[in-house]
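Chain and residue survey
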Amino acid sequence: MRASTLQQGIPYLRHAFVPQPVMGRTPDQLRAYVDGPDDVTGRPFMSEVINALTRPQSAQETRPQTFERSTPRFVEPDTEENLRQLFLDKRWTDMLPIILPTEERVAAMLKGSSRSPDTVVGQMRPTSTREAWEYTVEKVAVNAVMAGARPEYFPVILALAATGASARASTTSSAASMAVVNGPIRHEIEMNWGIGAMGPYNHANATIGRAFGLLSQNLQGGSVPEVTYLGSQGNNYAYNSVTFAENEERSPWTPFHVQHGFRAAESAVSVFGGCRSTAFNLGLRARHWQDHVRNMLRGLNPHNPPTFVLDPITAQQFIDRGSFDSKEKLIQWVHDNATMPASVYWDYQLIENYVYPHALNGIEPYASKLQAASDELIPIYQLEDIHVVVVGGETNGYWRIMGCNYHGTTSVDEWR
Amino acid sequence: MDTKIRVHNPMGYPPQIAQKPLAPRADDLTGKTVYLVDCRFDDGDILIEQMANWFHDNRPDVNIEVRRKSGVYTERDETLYAEIQQKGAGAVMAVGH
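Attention here is on the structure that accompanies the text.

From N to C terminus, chain A includes 18 helices and 13 strands. Relative to a compact globule of 416 residues, whose C-alpha radius of gyration would be 22 Å, chain A shows 24 Å and is just as compact. For chain A, the C-alpha atoms occupy an extent of roughly 75 × 65 × 35 Å along the three principal directions. With 416 residues in all, chain A has 42% of them scored as buried. Once local pairs closer than 6 in sequence are excluded, the contacts in chain A between residues at least 24 apart make up 78%.

This is the structure we're talking about:
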């Protein structure tokens, strides 16, 4: 709380605290919180509230101040052992061993791109309400070295940084990211889109994804529990941000980046956020496949739209069973079949938090959805939020649905 | 093993922060209006309702306006904030889950 208010330029904003969480407490329990002590100071909570509202402002509170902050290019020279400990203590790592970013290693990484080291790549923040930090090509290179990436991967990592999408969102919901690489760069750096592509079996997949996480936490100003990270449970996907290449060669459909405006001969990386929920299944049964897919879709949270992550075997099955000869046709079917009664939809906490206010403000299509009768089946997801990616080595027809939000697709070639 | 080496700092560049002033404070709340604002965090409306009850029981001399912020909790409600600035002696924003 105090870190957030400092960033907003109100470091002396007055607070009073009831115990957490408030969610799920009865009115009587919350009245006891109000009548009880402030959870931080121990003094009566409402006395703290009245005091905050009426206490005259101090000179410190009213004096105009500017808080200068900067980041040095280097840390103080030290032994390798001490520097490793420093990086851990500063929470600059993911708690796994890192490659120390020496001048030589960073210089070598910078050779992976023609861009000048001092080129500003973008800005990033842990959440929309926090300040954005800025970073250069060199700063991205430092984090790429730490992750163990090779210089030839650097254009992909720069493209990920250029999205401005953080793989270390501070949300209490413990979100992770997903990154999908398309185009010739997949071959050039020997990424994996076959057996084990989403697991720890390929150097490029592993270290590009890890670099995405490290650069996010460090370039956005940290991912420190209770300060810049509040994920209640955390998320194991965050270790390498579910990074893989699409299996364009065995997919029966248009590559993902081509769907989003790129030519097949161009290389691009697509970023998804909010990765938490995953549903999985084996193949599509002849008799009840539609029911099975509907059940999977109902198992996601309505605020996390589905991205189908299909082994080529299952992609072909969707064509065989449903005649979906394009991703768009499958997406339309998902939209039309992912439904639930309106009253059930609007009662979800995340819908209450993030969608209902838009409906009240007349924003479509939410406002129209709000007019539905309570037992009317309404679409859970917006058509444009549903996506399909093909990956896997065809050892079997296992497939999954990732609940996540598509952020965008960025050119890798621009960062070569 | 004790050789010192120099390595890069991996952190990005933070923006400068300029302090904003707090809103003026009332000496006393008697006869004045205090806004209790539900910012749409989970069940924050129930907490705000209980704070309003506290004022009713303990400080009936204070006029309480309970409001729910428009939009999701990451957005500003400029209309409400303008009203508070014009009519309120203070506001309590209920933030957190």
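Picking up where we left off.
Another point: the overall build of chain B. Within chain B one finds two helices and four strands. Mapped in sequence order, the helices and strands of chain B form the string β-β-α-β-α-β. Taking 2.2 N^0.38 as the reference for a compact globule, 97 residues should give roughly 13 Å; the C-alpha atoms of chain B span a radius of gyration of 21 Å, well beyond that estimate. For chain B, the C-alpha atoms occupy an extent of roughly 70 × 30 × 30 Å along the three principal directions. The 97 residues of chain B split such that 25% are buried. Sequence separation of 24 or more characterises 74% of the internal contacts of chain B that already satisfy a separation of 6 or more.

Here the focus is the interface of chain B and chain A. With 47 residues of chain B in contact, the opposing surface of chain A contributes 70 residues. When residues of the side of chain B that touches chain A are traced back to their parent elements, those giving at least two are β1 (17-18), α1 (44-58) and β4 (90-94) of chain B. Of all the elements, α1 of chain B adds the most residues to the side of chain B that touches chain A, at eight residues. Looking at the side of chain B that touches chain A residue by residue, the class counts come to 21 nonpolar, 15 polar and eleven charged. Bridge count between strand β1 (residues 66-67) of chain A and β1 of chain B: two bridges; the pairing is antiparallel. Following the sheet pairing, F67 of chain A is matched in β1 of chain B by I17 of chain B.

Right, let's get into the sheet that holds strand β8 (residues 306-310) of chain A. Pairing between the strands of a sheet is mediated by backbone hydrogen bonds and can be parallel or antiparallel. Residue and element names in this part refer to chain A. In space, the four strands of this open sheet follow the order β7-β12-β8-β11, with mixed pairing throughout. The open sheet has two free edges, formed respectively by β7 (278-282) and β11 (387-390), since each of these has just one partner strand. The sheet shows a mean angle of 20 degrees between the axes of neighbouring strands, taken without regard to direction. By the bridge criterion, five bridges tie β8 to strand β12 (residues 398-403) in an arrangement that is antiparallel. Bridge pairing in β12 places T307 opposite M402.

A separate point is the packing of helix α7 (residues 137-147) of chain A against helix α8 (residues 154-162) of chain A. Residues and elements named next belong to chain A. Packing of α7 against α8 leaves a shortest axis separation of 10 Å and a crossing angle of 115 degrees. Considering the relative orientation of α7 and α8, their crossing is right-handed. In contact with V137, V140, A141 and A144 of α7, α8 contributes F154, I157, L158 and A161. Residues belonging to the contact of α7 with α8 are distributed by class as follows: eight nonpolar, no polar and no charged.

With that out of the way, let us pick up unusual backbone geometry. The amide bond that connects Q20 of chain A to the next residue, P21 of chain A, takes the cis arrangement and shows omega of -5 degrees. Its place among the elements puts P21 of chain A in the loop between α1 (2-7) and α2 (27-35). Cis rather than trans, the peptide bond between E364 of chain A and P365 of chain A has omega equal to 5 degrees. Inspection of the secondary structure puts P365 of chain A in the loop between α17 (356-360) and α18 (366-370). A positive phi angle, near 75 degrees, is found at R40 of chain B, a position not held by glycine. Inspection of the secondary structure puts R40 of chain B in the loop between β2 (33-38) and α1. A positive phi angle is found at D43 of chain B, which is not glycine, with a value near 60 degrees. Position of D43 of chain B among the secondary structure elements: in the loop between β2 and α1.

Criteria and cut-off values
- Residues numbered from 1 in each chain as written.
- Chains lettered and ligands numbered in written order.
- Predicted model: local features only at pLDDT ≥ 70, side-chain atom pairs only at ≥ 80, totals over all residues.
- Helix = DSSP H or I, 4+ residues; strand = E, 2+ residues; numbered from the N terminus.
- Rg over C-alpha atoms; globule rule 2.2 N^0.38 Å.
- Buried ≥ 20, exposed ≤ 12 C-beta atoms within 10 Å, placed from the backbone.
- Contact = placed C-beta atoms within 7 Å.
- Nonpolar A, V, L, I, M, F, W, Y, C, P; charged D, E, K, R; others polar.
- Pairing = 2+ DSSP bridges.
- Axes fitted to C-alpha atoms, helices over the stretch in contact; angles between N-to-C directions.
- Left-handed = near helix turned anticlockwise from the far one by under 90°.

By themselves, these figures tell us nothing about what the structure is for.
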